[in-house]
Amino acid sequence: MSDTDEETEGPAVPLGEGEPVEGAPLARVASRLHYAIAKSDVVRREGDTVVRTPDGPRELAAVLEETDEVYFDTRRAFEAAVRDVIGTGPIPTAEE
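In this text, all values refer to a predicted model and were calculated from it rather than measured experimentally.

**Q** Which parts of the structure should I look at to understand the environment of Pro90?
**A** Following the sequence through the fold, Pro90 ends up in the segment after helix H4 (75-86). Judged by relative accessible area, which is 70%, Pro90 ranks as exposed. It is 5.7 Å that separates the C-alpha atoms of Pro90 and Pro54, two residues lying 36 residues apart in sequence.

Dropping the structure here:
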């Protein structure tokens, strides 16, 4: 049986039917920045952006206030600093 014989219907991963989750994924925000970048520049450009966290949506500027980092030389460094503050885990939905 070849790949052309298979019929594909719908997405490979079932999508939820609840309300959309408030806030942007951290990866989306990180992708809009250019590295290396100072924390003050991140706050100026994206500080009012609401990001998804395991504890609910939060403004990025408030999250960055809780980190001692002042400069992010890579995207990985930025994401690690933010995750150190917000933690990791499932993002709550409106149904939870």
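**Q** Please clarify how the nonpolar core should be interpreted in this entry.
**A** Side chains of a nonpolar character, in soluble globular proteins, are inclined to be buried together. By size, the foremost hydrophobic cluster in this structure holds 16 residues, and its most contacted members are Val42, Leu60, Leu64, Phe72, Phe78 and Val82. At the level of elements, helix H1 (26-31), helix H3 (60-65) and H4 are the ones that each hand at least two residues to this core. Sorting elements by how many residues they give to this core places H4 first, with four residues. Every residue in contact with Leu60, bar those within four places of it in the chain, is listed here: Val29, Val42, Glu46, Gly47, Thr49, Val51, Phe78 and Val82.

Quick notes on the rules
Residues numbered from 1 in each chain as written. Predicted model: local features only at pLDDT ≥ 70, side-chain atom pairs only at ≥ 80, totals over all residues. Heavy atoms only, no water. Helix = DSSP H or I, 4+ residues; strand = E, 2+ residues; numbered from the N terminus. Buried < 20%, exposed > 50% of the residue type's maximum accessible area, 1.4 Å probe, protein only. Core = buried A, V, L, I, M, F, W, Y, C linked by side-chain atoms within 4.5 Å. Contact = heavy atoms within 4.5 Å.

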